[in-house]
Amino acid sequence: MLHVIDHPLIRHKLTVMRDRNTGTKDFRENLDEIGSLMVYEVTRDLPVADVEIETPICSYTAKTLESPVVVAPILRAGLGMVSGILSLIPTAKVAHIGLYRDEKTLEPHTYFEKYPPNIEEATVLIVDPMLATGGSANAAIDMVKRQGAKNIKLVCLVGAPEGVKAVEREHPDVDIYLAALDEKLNENGYIVPGLGDAGDRIFGTK
Ligand SMILES: O=P(O)(O)OC[C@H]1O[C@H](OP(=O)(O)OP(=O)(O)O)[C@H](O)[C@@H]1O
Ligand SMILES: O=c1cc[nH]c(=O)[nH]1
Ligand SMILES: [Mg+2]
């Protein structure tokens, strides 16, 4: 299921990121802030469990998060969303999924993976600013499923309809969260209007 998280603050910050004149510092800061704003909606349906506590006044059956959360950024660009998410879920563990998209074939290639233990019980948030053809997201979901993860959400900033369809087709059990659903992909596989190459803009590599 696709959720587009439409909020004036997210729209405003995304506009700053889309602007070609925005430099690395402001691009990073806005990505971080949007990550925080999105995670509030993304975690809305996390399961909670009863816990017995003593307030200063009385005994009380309160609620606590039932299962751990793992944040799994797709390198490199996904790293730019991690600190914003951890600011709201500071106890989350972090997995790393190293993937790059071949510039010509647009096929994803894996170069690194590292996971915290007990990922089977966790809610896994795969994060990447860009969902273009969906090849990288599908590969990342395959990878975490191979580790035993069952409860997976995909959190991206900007998605193309092509990428959304590809993930919905291969992984109908994975909810997709976007800050914006853009128009299309161009002939080079870039999202239109998009925000360019997220990794290069975050890390200043172009
Ligand atoms: O949906 P897709 O067609 O697979 O494209 C999206 C992927 O491309 C970008 O990564 P890139 O390969 O540029 O790596 P980088 O983050 O290291 O720049 C982006 O961050 C996604 O991971
Ligand atoms: O528009 C796009 C598509 C893939 N990767 C990006 O960083 N941007
Ligand atoms: Mg890139």
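Preceding this paragraph is the structure being described.
Fair warning: this is a prediction, and the values are worked out from it, not measured in the lab. (Residues numbered from 1 in each chain as written. Chains lettered and ligands numbered in written order. Predicted model: local features only at pLDDT ≥ 70, side-chain atom pairs only at ≥ 80, totals over all residues. Heavy atoms only, no water.)

### With respect to the site of ligand 2
Here comes step 1: Around ligand 2, the structure places Arg 101, Met 130, Ala 132, Gly 189, Tyr 190, Ile 191, Gly 196, Asp 197 and Ala 198.
Here comes step 2: A distance of 2.8 Å separates an oxygen atom of ligand 2 from a polar backbone atom of Ile 191.
Here comes step 3: Between ligand 2 and Ala 198 there is a distance of 2.9 Å, counted from an oxygen atom to a backbone nitrogen or oxygen.
Here comes step 4: With the chains in place, 88% of the 240 Å² that ligand 2 exposes on its own is no longer accessible.
Here comes step 5: Residue composition of the shell around ligand 2, by class: 5 nonpolar, 2 polar and 2 charged. (Near = heavy atom within 4 Å. Polar contact = N/O pair within 3.5 Å; in protein donor to acceptor, adjacent residues only side chain to side chain. Areas by Shrake-Rupley, 256 points an atom, 1.4 Å probe, with all protein chains shown as cover. Nonpolar A, V, L, I, M, F, W, Y, C, P; charged D, E, K, R; others polar.)

### Remarks on the pattern of salt bridges
Here comes step 1: For the structure shown, the criterion picks out 10 salt bridges.
Here comes step 2: Here Lys 13 and Glu 33 are joined by a salt bridge, their closest N and O atoms 2.8 Å apart. Of this pair, Lys 13 sits in helix α1 (residues 8–18) while Glu 33 sits in helix α2 (residues 24–42), placing them 20 residues apart in sequence.
Here comes step 3: Here Glu 33 falls in the partly exposed class, since its relative accessible area comes to 33%.
Here comes step 4: The partner of Lys 25 in a salt bridge is Glu 29, and the shortest N-O contact between them spans 3.3 Å. Here the residue Lys 25 and the residue Glu 29 both occupy positions in helix α2, the gap between them amounting to 4 residues, near one helical turn.
Here comes step 5: Lys 25 gets classed as exposed once you look at its relative accessible area, which sits at 54%.
Here comes step 6: Taking the relative accessible area as the measure of exposure, Glu 29 reaches 35% and is therefore partly exposed.
Here comes step 7: Among the charged side chains, a network of salt bridges with common partners joins Arg 76, Asp 200 and Lys 206. (Salt bridge = Lys/Arg side-chain N within 4 Å of Asp/Glu carboxyl O. Helix = DSSP H or I, 4+ residues; strand = E, 2+ residues; numbered from the N terminus. Buried < 20%, exposed > 50% of the residue type's maximum accessible area, 1.4 Å probe, protein only.)

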